[in-house]
Protein chains: 2
Amino acid sequence: MTDRPSFKARQFQAREDAILDAANRLLGEKGYDLMSLDDIAAEVGIAKGSVYKHFPSKEALAAATMTRLLNRTVEEARGLPTAAPAIDRLRALLGWCLRERMAGGVPRLPSTSPGLQSSLLDHLGYLDAMEALDTMLTAWVDEARADGALRDDLPVAVVLFTIYARSCDPTLEFLRAAGEWSDDEIVAFMVDTCFAGIGKAPAPAAGSTGVEASGAVAQLG
Amino acid sequence: MTDRPSFKARQFQAREDAILDAANRLLGEKGYDLMSLDDIAAEVGIAKGSVYKHFPSKEALAAATMTRLLNRTVEEARGLPTAAPAIDRLRALLGWCLRERMAGGVPRLPSTSPGLQSSLLDHLGYLDAMEALDTMLTAWVDEARADGALRDDLPVAVVLFTIYARSCDPTLEFLRAAGEWSDDEIVAFMVDTCFAGIGKAPAPAAGSTGVEASGAVAQLG
DNA sequence: GTCTATACTGAGATAGAC
DNA sequence: GTCTATCTCAGTATAGAC
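Computed from a predicted model, the values in this text were never measured in an experiment.

The rules behind the values
Residues numbered from 1 in each chain as written. Chains lettered and ligands numbered in written order. Predicted model: local features only at pLDDT ≥ 70, side-chain atom pairs only at ≥ 80, totals over all residues. Heavy atoms only, no water. Helix = DSSP H or I, 4+ residues; strand = E, 2+ residues; numbered from the N terminus. Buried < 20%, exposed > 50% of the residue type's maximum accessible area, 1.4 Å probe, protein only. Contact = heavy atoms within 4.5 Å. Areas by Shrake-Rupley, 256 points an atom, 1.4 Å probe, with all protein chains shown as cover. Phe/Tyr/Trp six-rings, centres within 6.5 Å; stacked < 30°, edge-to-face > 60°. Lys NZ or Arg CZ within 6 Å of the ring centre and 35° of its normal. Expected span 1.5 Å × (residues − 1). Near = heavy atom within 4 Å. Polar contact = N/O pair within 3.5 Å; in protein donor to acceptor, adjacent residues only side chain to side chain. Nonpolar A, V, L, I, M, F, W, Y, C, P; charged D, E, K, R; others polar. 1 Å grid on protein atoms, 1.4 Å probe; cavity = no way out; pocket = protein on both sides within 12 Å on 5 of 7 lines; lining within 4 Å. Points joined across faces, edges and corners; volume = space filled by probe spheres on them.

Visitor: Please set out the overall build of chain A residue by residue, giving values where relevant.
Guide: Across its full length, chain A carries 11 helices and zero strands. Moving toward the C terminus, one meets the helices and strands of chain A in the order α-α-α-α-α-α-α-α-α-α-α. When burial is assessed residue by residue, chain A has 47% of its 221 residues classed as buried. Taking the contacts inside chain A whose residues are at least 6 apart along the sequence as the reference set, 70% of them involve residues at least 24 apart. Roughly 10400 Å² of accessible area belongs to chain A as shown, and the carbon and sulfur atoms make up 55% of that amount.

Encoded structure:
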């Protein structure tokens, strides 16, 4: 049962990973419909036809790419210290997503491509990962609320989607293009404005709820 | 000089508006590269070839559509009561953008389609409108800051892009799909969380800076 | 200026040799 | 399984009749 895979099998797997890496990068750079299989094949250095030995269609390839990414996010979330307050874990995870985007180019939201979206719903692994992430984050939000670190006058969905949207927010590219701030500063700005907003809070009491010093906490992970 | 246009000329203009309307809706629904000229022609009820009598290319059509939309936004901004505090005008404009999206489907950010982006930069009218909007909103942000209604520890660009990004934020569609809130509630949530954030502000002093009662103000326009 | 018909291109997917 | 070559089709853009 636990035979170690043959050389050819490992080579095959390595190539599949390379395809996923390329797809991940190109999805982030060009988006789903502008990314062609020629691009992928060229970047990996294989023939276009060979891609179909790994994935039956472009949509399936994209779905597998998104699934891998989502699973990594779940993994990252699971790895965060459970001792830390939930609010800090939420911040840290958002910061991690943003730094991932800066590093490799991360696919945008499924909603940008209606065709892809339906394909994702067929992909069981994607749905599983999505549900796992959703369950975990919902629990974190509840916990952060109970700690008094999150507003309790907003529906949980509003809070979750707001964080989710910020992780894909083009503000990142715009600020980067401006060239006036470091990557770490940009991440701090984005995490901070997501949680604290851009409006000035009236006279914060010193050291009360942990909303202060928000930028630094994004580095927690 | 001020001859009123002939019947044929007005008919031509009306058709051009119809083309722009269709392009506006379809860009919002499918995005640039999934929108075909067949779709446009079908929706307007004319032949595909006829579109080229109005616009020399698909990119030019898209650029004209985006320009019209941007000009309308500038117009809306100019029409807001100058007597109102700058922070309320910012809120109102964001609310207007979100309600426009709900009504007609508004094209997403240019950044979603690299090919289109370069075309926009060639389109002089687009750049003019963009600069006009940017100038006006920068002034508003400065004003709102001076009023103490916006954080002054953030760069202006961070504030502006955060608002801009929220106007295109897919959270709108997600909340709508959930079907639990009215359109007005969703707009209020999104404007409110943009300015006030999702974190709970520590012990707000009553009636101090106008950050409270945030949702309702979005209806100001 | 609007229509129908068509040329041309890029890209997803498949077939067949090795 | 991987390659080269090819099929197919959608979609942009153009030509030519009226």
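Visitor: So what about the packing of aromatic side chains? Which residues, and what values?
Guide: Tallied over the full model, the rule gives six aromatic pairs over all chains. Seen in terms of ring centroids, Phe161(A) and Phe174(B) are 5.1 Å apart; in terms of plane orientation they differ by 25°. Their pairing is stacked. Here Phe161(A), found in helix α8 (residues 156-167), pairs with Phe174(B), found in helix α9 (residues 171-178), and the two come from separate chains. A residue is classified by how much of its surface remains accessible, and Phe161(A), at 22% relative accessible area, is partly exposed. Seen in terms of ring centroids, Tyr164(A) and Phe174(B) are 6.2 Å apart; in terms of plane orientation they differ by 25°. Their pairing is stacked. Here Tyr164(A) is found in helix α8, whereas its partner Phe174(B) is found in helix α9 on a different chain. Geometry around Tyr32(A) places Lys58(A) over its ring, the cationic atom sitting 4.5 Å from the centre. Residue placement shows Arg89(B) over the ring face of Trp140(B); its charged tip is 5.2 Å from the ring centre.

Visitor: Residue-level account of helix α8 (residues 156-167) of chain B, with values.
Guide: Between its terminal C-alpha atoms α8(B) stretches 17 Å, which fits the 16 Å expected from 12 residues at 1.5 Å a residue. Taken residue by residue, α8(B) has Val158(B), Val159(B), Leu160(B), Thr162(B), Ile163(B), Ala165(B), Arg166(B) and Ser167(B) as its buried positions.

Visitor: Explain the protein's contact with DNA strand C residue by residue, including any values.
Guide: Near DNA strand C you find 15 residues, and of these Leu37(A), Lys58(A), Ala47(B), Ser50(B) and Lys53(B) are the closest. At 2.9 Å from a phosphate oxygen of DNA strand C is found a main-chain nitrogen or oxygen belonging to Leu37(A). Tyr52(A) places a side-chain nitrogen or oxygen 3.0 Å from a phosphate oxygen of DNA strand C. Among the secondary structure elements, those contributing two or more residues to the surface near DNA strand C are α3 (48-51) of chain A together with α1 (7-30) and α3 (48-54) of chain B. In terms of residues, the surface near DNA strand C owes the most to one element, α3(B), which gives three residues.

Visitor: How would you summarise the environment of Ala196(B) if you had to cite specific residues and measurements?
Guide: Relative to the assigned elements, Ala196(B) resides in helix α10 (residues 183-196). As for Ala196(B) and Leu150(B), which are separated by 46 residues in sequence, their C-alpha atoms are 9.7 Å apart. Setting aside residues no more than four positions away along its own chain, Ala196(B) makes contact with Arg151(A), Phe195(A), Ala196(A) and Gly197(A).

Visitor: Summarise the protein's contact with DNA strand D; cite the residues concerned and give the values.
Guide: With respect to spatial proximity, 16 residues lie near DNA strand D, and among them Ala47(A), Ser50(A), Lys53(A), Lys48(B) and Tyr52(B) are the closest. Here, DNA strand D places atoms within 4 Å of the protein, and 64% of those atoms are sugar or phosphate. Contact between DNA strand D and Ser50(A): a phosphate oxygen at 2.5 Å from a side-chain N or O atom of the residue. One of the backbone nitrogen or oxygen atoms of Met35(B) is found 3.4 Å away from a phosphate oxygen of DNA strand D. Of all the secondary structure elements, the ones that give two or more residues to the surface near DNA strand D are α1 (7-30) of chain A together with α2 (37-44) and α3 of chain B. Among the elements that make up the surface near DNA strand D, the one with the highest residue count is α3(B) (three residues). Across the surface near DNA strand D, the residue classes tally to six nonpolar, five polar and five charged.

Visitor: Summarise the side chain of Thr171(A); cite the residues concerned and give the values.
Guide: Relative to the helices and strands, Thr171(A) is located in helix α9 (residues 171-178). Residue classification places Thr171(A) among the buried residues on the basis of a relative accessible area of 0%. One polar contact links the side chain of Thr171(A) to the main-chain carbonyl oxygen of Phe161(B), over a distance of 3.3 Å. Dropping the residues within four chain positions of it, Thr171(A) is found in contact with Arg166(A), Met190(A), Phe161(B), Thr162(B) and Ala165(B).

Visitor: Please give an account of empty space enclosed by the protein that cites residues and values.
Guide: If a probe as big as a water molecule is rolled over the atoms, it shows which places are left empty. Following the criterion strictly, the structure yields four cavities of 30 Å³ or more and no others. By volume, the second largest cavity is sized at about 120 Å³. Lining the second largest cavity, in full, are Thr162(A), Ala165(A), Arg166(A), Asp169(A), Thr193(A), Cys194(A), Thr162(B), Arg166(B), Asp169(B), Thr193(B) and Cys194(B). Among the elements of the structure, α8 and α10 (183-196) of chain A together with α8 and α10 of chain B are those that each provide at least two residues to the lining of the second largest cavity. Among the elements that make up the lining of the second largest cavity, the one with the highest residue count is α8(A) (three residues).

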